[in-house]
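Residue-level structure breakdown
Spelled out, the chains give:
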Amino acid sequence: MPPVFAHGRLRLYLLKLLDEAPRHGYEVIRLLEERFQGLYAPSAGTVYPRLAKLEAEGLVTHATEGGRKVYSITDAGRAELSDRGGELADLEVEIRDSVTELAAEIRDDVRGAAGDLRREMRAAASASATRVEDESWKAAKEDLRKARQEWKEQARRAKDESRRAREEAQQARRQAKEAQERAREEVQRIAGQLQEQFARSGGVLGSLAGAWLGGAPAAGSADASAAGADGDAVRASEGASEWAADLAATGDPARDLDRLLDRFRDEVRDAARDRGVTSAQVAEARRHLEAACGRLATTFGARP
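Residues numbered from 1 in each chain as written. Predicted model: local features only at pLDDT ≥ 70, side-chain atom pairs only at ≥ 80, totals over all residues. Heavy atoms only, no water.

Okay, the sheet that holds strand β3 (residues 68–73) next. Strand order across the open sheet formed by three strands is β1-β3-β2, with antiparallel pairing between neighbours. At either margin of the open sheet sits one strand with a lone partner, and together these are β1 (23–24) and β2 (60–65). Relative to β3, β2 runs antiparallel, the two sharing six bridges. Each residue of the ladder has a partner; that of Ala63, found in β3, is Val70. Sitting on the sheet, helix α1 (residues 9–20) touches β1, β2 and β3, and the angle it makes with β3 is about 95°. (Pairing = 2+ DSSP bridges. Helix = DSSP H or I, 4+ residues; strand = E, 2+ residues; numbered from the N terminus. Contact = heavy atoms within 4.5 Å. Axes fitted to C-alpha atoms, helices over the stretch in contact; angles between N-to-C directions.)

Here's what the structure looks like:
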């Protein structure tokens, strides 16, 4: 029998079950058996040691209710579950694949048993061809009929599970791609607005807007700085969609967003380091960043 869970995956799935609701160990075992449609049920010797290890790592905790330990996930456990969201989606597909493989093995076992039974029946028929069919012969025929029916039912379930797994995997990929595109477009939009605001504010922020778009205003008179800021604002409006275009999508929207924020932070720091920064410019930067933070929080469904 192939392994039901790859290395470390049972740990992840236990966190998922406890994230749904607090549970005691026997309930966890029963839920795993239900998820595998009765084809697999882990032993207590498999589940309880892993729960104890998760508790030792601070990912779960327990309380005693009615003489039994009821396990609950901690904030650290939820953080790990969130960080491994993509891996959890893959695990759901793997579980369905495991159900399909287990069903296929049972089907093969039933098929082999049915073949052995048919051979035994033929041998018995050959030896007693001249005798009237007795009760044992009828029982053998009934056993064969039940075996065939069971095999058909298991094959149907395996086929249905495989189809559902493919459909859910395709839907998950579509949703991930759409979320990635929305996040990228929103970050680019906010970055464009910030560039325009930075260009109008002058000083180090105006210089940063120029640096993003391939040029920086020359040091010197106030007129030169204002002219550079105006040119930077125009270029920002024309090239906002090109900012960070060299960062190719990874397929993980959360990771793509982190990379864009890292790029933004690095460019702000580089501009401040290269041109210097004053307290007044820091205050101006704070106002711009506060506005950008509010818009991004609204975009991602959080309260600003």
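Among the nonpolar cores identified, the biggest contains 24 residues, and Leu14, Leu15, Leu18, Val28, Leu32 and Val47 are the most heavily contacted of them. Listed by contribution, the elements that provide at least two residues to this core are α1, α2 (25–35), α3 (44–56), β3 and α5 (85–127). Considering each element in turn, this core owes the most residues, seven residues, to α1. Core analysis: the second largest hydrophobic core is formed by twelve residues, Trp243, Ala244, Phe264 and Ala292 among them. (Core = buried A, V, L, I, M, F, W, Y, C linked by side-chain atoms within 4.5 Å. Buried < 20%, exposed > 50% of the residue type's maximum accessible area, 1.4 Å probe, protein only.)

A probe matching the size of a water molecule, rolled over the atoms, marks out where space remains unfilled. What the largest pocket holds in volume is close to 600 Å³. Taken together, 20 residues make up the lining of the largest pocket; nearest its centre are Gly85, Gly86, Ala89, Ala172 and Ala176. Taken together, the elements giving at least two residues each to the lining of the largest pocket come down to α4 (75–83), α5, α6 (135–201) and α9 (253–275). In terms of residue count, the dominant contributor to the lining of the largest pocket is α5 (seven residues). For the lining of the largest pocket, the residue count by class is seven nonpolar, four polar and nine charged. (1 Å grid on protein atoms, 1.4 Å probe; cavity = no way out; pocket = protein on both sides within 12 Å on 5 of 7 lines; lining within 4 Å. Points joined across faces, edges and corners; volume = space filled by probe spheres on them. Nonpolar A, V, L, I, M, F, W, Y, C, P; charged D, E, K, R; others polar.)

On to empty space enclosed by the protein, then. The tally for this structure, following the rule as stated, stands at one cavity of 30 Å³ or more. What the largest cavity holds in volume is close to 70 Å³. For the largest cavity, the full set of lining residues is Gln180, Arg184, Leu247, Ala248, Ala249, Asp256, Arg259 and Leu260. At the level of secondary structure, the elements contributing two or more residues to the lining of the largest cavity comprise α6 and α9. In terms of residue count, the dominant contributor to the lining of the largest cavity is α9 (three residues). When grouped by side-chain class, the residues that make up the lining of the largest cavity number four nonpolar, one polar and three charged.

The next point concerns the side chain of His24. Within the secondary structure layout, His24 lies in strand β1. Using a relative accessible area of 15% as the deciding quantity, one classes His24 as buried. Only 3.4 Å separates the side chain of His24 from the side chain of Arg68, close enough to count as a polar contact. Ignoring sequence-local partners within four residues, the contact set of His24 consists of Arg68, Lys69 and Val70. (Polar contact = N/O pair within 3.5 Å; in protein donor to acceptor, adjacent residues only side chain to side chain.)

In this section: the packing of α2 against α3. Contact geometry of α2 with α3 gives a least axis separation of 10 Å together with a crossing angle of 125°. Classed by the angle they form, the pair α2 and α3 counts as oblique. Considering how the two elements wind past one another, α2 and α3 form a crossing that is right-handed. In this structure, α2 contributes Gly25, Tyr26, Val28, Ile29 and Leu32 to the contact, and α3 contributes Ala44, Val47, Tyr48 and Leu51. (Parallel < 35°, antiparallel > 145°, perpendicular 65-115°, else oblique. Left-handed = near helix turned anticlockwise from the far one by under 90°.)

So, on to the confidence of the model for the protein chain. Residue-level pLDDT values for the protein chain average 77, and 70% of them are 70 or greater. This model gives residues 209–240 a pLDDT under 50, and the stretch forms 38 contacts once residues within four places in sequence are excluded. (pLDDT = per-residue confidence, 0-100.)

Note that Glu161 resides in helix α6. With 64 residues separating them along the chain, Glu161 and Asp97 place their C-alpha atoms 8.1 Å apart.

Turning our eyes to something else, we now look at the packing of α1 against α3. The interhelical angle for the contact between α1 and α3, taken along N-to-C directions, is 80°, at an axis separation of 10 Å. Between α1 and α3, the crossing angle belongs to the class labelled roughly perpendicular. On α3, the residues touching Leu10, Arg11, Leu14, Leu15 and Leu18 of α1 are Thr46, Val47, Arg50, Leu51 and Leu54. Within the contact of α1 with α3, the residues separate by chemical class into seven nonpolar, one polar and two charged.

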